[in-house]
Amino acid sequence: MPRVYGSDTISIGSTKVKVMQVLLQGQSKLLPIVTDVVTSARGWLQAVIPELRGNADPGIKAAFNECFMNPADLNAAMNQARTILQTIYNNLNGSFALKLLDANDAVGYVNRSYKGRIHLVGGVIQYDKDGDPISRRGTIHVGVQVTREDPVLATVTLIHEAGHKWVSLQDHGDKGYYWSECTTYTAPGLTWQEALKNADSYAVFVYKAILAKFKNVVVHGHALGG
Ligand SMILES: [Zn+2]
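Residues numbered from 1 in each chain as written. Predicted model: local features only at pLDDT ≥ 70, side-chain atom pairs only at ≥ 80, totals over all residues.

Trainee: Give a description of the overall build of the protein chain that names residues and reports values.
Mentor: The secondary structure content of the protein chain amounts to 7 helices and 6 strands. Listing the helices and strands of the protein chain from first to last along the sequence gives β-β-α-α-α-β-β-β-β-α-α-α-α. Burial analysis of the protein chain (226 residues in total) assigns 40% to the buried set. Long-range contacts, defined as pairs at least 24 residues apart, comprise 68% of the intrachain contacts of the protein chain with a sequence gap of at least 6. (Helix = DSSP H or I, 4+ residues; strand = E, 2+ residues; numbered from the N terminus. Buried ≥ 20, exposed ≤ 12 C-beta atoms within 10 Å, placed from the backbone. Contact = placed C-beta atoms within 7 Å.)

Trainee: Explain the nonpolar core residue by residue, including any values.
Mentor: Counting residues in hydrophobic clusters, the biggest one holds 56 residues, and the most contacted among them are Leu 45, Leu 158, Ile 159, Tyr 202, Phe 205 and Val 206. No other element matches helix 7 (residues 199-214), which puts 9 residues into this core. Ignoring any residue separated from it by four or fewer positions in sequence, one finds Leu 45 in contact with Leu 85, Ile 88, Tyr 89, Leu 92 and Val 206. (Core = buried A, V, L, I, M, F, W, Y, C linked by C-beta atoms within 7 Å.)

Trainee: Summarise the packing of helix 5 (residues 151-167) against helix 7; cite the residues concerned and give the values.
Mentor: Axes are the key here: two packed helices are described by the angle between their axes and the distance separating the axes. Look at helix 5 against helix 7: their axes get within 8 Å of each other, and the N-to-C directions meet at 140 degrees. Considering how the two elements wind past one another, helix 5 and helix 7 form a crossing that is right-handed. Of helix 7, the residues touching helix 5 (which contributes Val 156, Ile 159, His 160, Gly 163 and His 164) are Ala 199, Asp 200, Tyr 202, Ala 203, Val 204, Val 206 and Tyr 207. Broken down by class, the residue content of the contact of helix 5 with helix 7 amounts to 8 nonpolar, 3 polar and 1 charged. (Axes fitted to C-alpha atoms, helices over the stretch in contact; angles between N-to-C directions. Left-handed = near helix turned anticlockwise from the far one by under 90°. Nonpolar A, V, L, I, M, F, W, Y, C, P; charged D, E, K, R; others polar.)

Trainee: Please provide a residue-by-residue account of the confidence of the model for the protein chain, values included.
Mentor: In the predicted model, the protein chain carries a mean pLDDT of 84, and 79% of its residues have values of at least 70. Scored below 50 in pLDDT, residues 105-117 makes 40 contacts in the model with residues more than four places away or belonging to other chains. (pLDDT = per-residue confidence, 0-100.)

Trainee: A description of the environment of Ala 97 should follow, citing residues and the corresponding values.
Mentor: With respect to the secondary-structure elements, Ala 97 resides in strand 3 (residues 96-101). Sequence separation of Ala 97 and Ile 140 is 43 residues, and the distance between their C-alpha atoms is 6.8 Å. Ala 97 has contacts with Lys 18, Met 20 and Thr 139, leaving out every residue within four places of it along the chain.

Trainee: Mind laying out the packing of helix 1 (residues 31-48) against helix 5, listing which residues take part and the relevant values?
Mentor: For the pair helix 1 and helix 5, the least separation of the axes is 9 Å and the interaxial angle reads 55 degrees. Taken together, helix 1 and helix 5 sit at an angle that is classed as oblique. Seen along the crossing, helix 1 lies across helix 5 with a hand that is right-handed. For the pair helix 1 and helix 5, contact is made by Ile 33, Asp 36, Val 37, Val 38, Ser 40 and Ala 41 and by Pro 151, Ala 154, Thr 155, Leu 158 and Ile 159, respectively. (Parallel < 35°, antiparallel > 145°, perpendicular 65-115°, else oblique.)

Trainee: Go over the environment of Ile 140, please, and point to the residues and values.
Mentor: Among the structural elements, Ile 140 can be located in strand 6 (residues 140-143). By the C-beta count within 10 Å, which is 23 here, Ile 140 ends up buried. Along the backbone, Ile 140 and Leu 98 are 42 residues apart, and their C-alpha atoms lie at a distance of 5.1 Å. Filtering out sequence-adjacent residues up to four positions away, Ile 140 remains in contact with Phe 96, Leu 98, Lys 99, Leu 158, Glu 161, Ala 162 and Lys 165.

Printed below as a string of structure tokens:
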């Protein structure tokens, strides 16, 4: 039986974000958190994009090299990343819909272990020709649990999913996902060429760049992991 979703529309700045939730879960208290998550994602991108430049700050360079696997030509890679992040920002800065998914949903749900949302057809994971799981397009999905318990990670997740939706960024399996603490990739082997197409590389870079600039990052009163 299909889930029944209710929706609320929240105004953030001059835009509207439609928030869909499973009915009867008493989650209206999540709306202020969603407002902070969206506002933070926009604010982080706005702050980080101009930092991607020829004479970038050493902390920004270090974060970039870490997330994008020491690209051969740092300036060229930063230029490419800036264009992609600008597109994500432009779209996140408009009106869009966000679906909060229940914690009991199956594979691909964006959860605390931070797997990207996988595209399922009839319950079967879909793969592209390289054998990588295809991430779902369409409405951005962020987990209820991560939104409630870890709004910083929910913000990282929103940027990750926005990268799938608006820039066709991909996932690259374990080597392309960071641990939920945003420390390191969960497996070795990602190349810089892959990183420049990898959703989590962008999302975690934005977080790490903000961290490098501002020392600590809090969303809705929570630091990452708490
Ligand atoms: Zn993903």
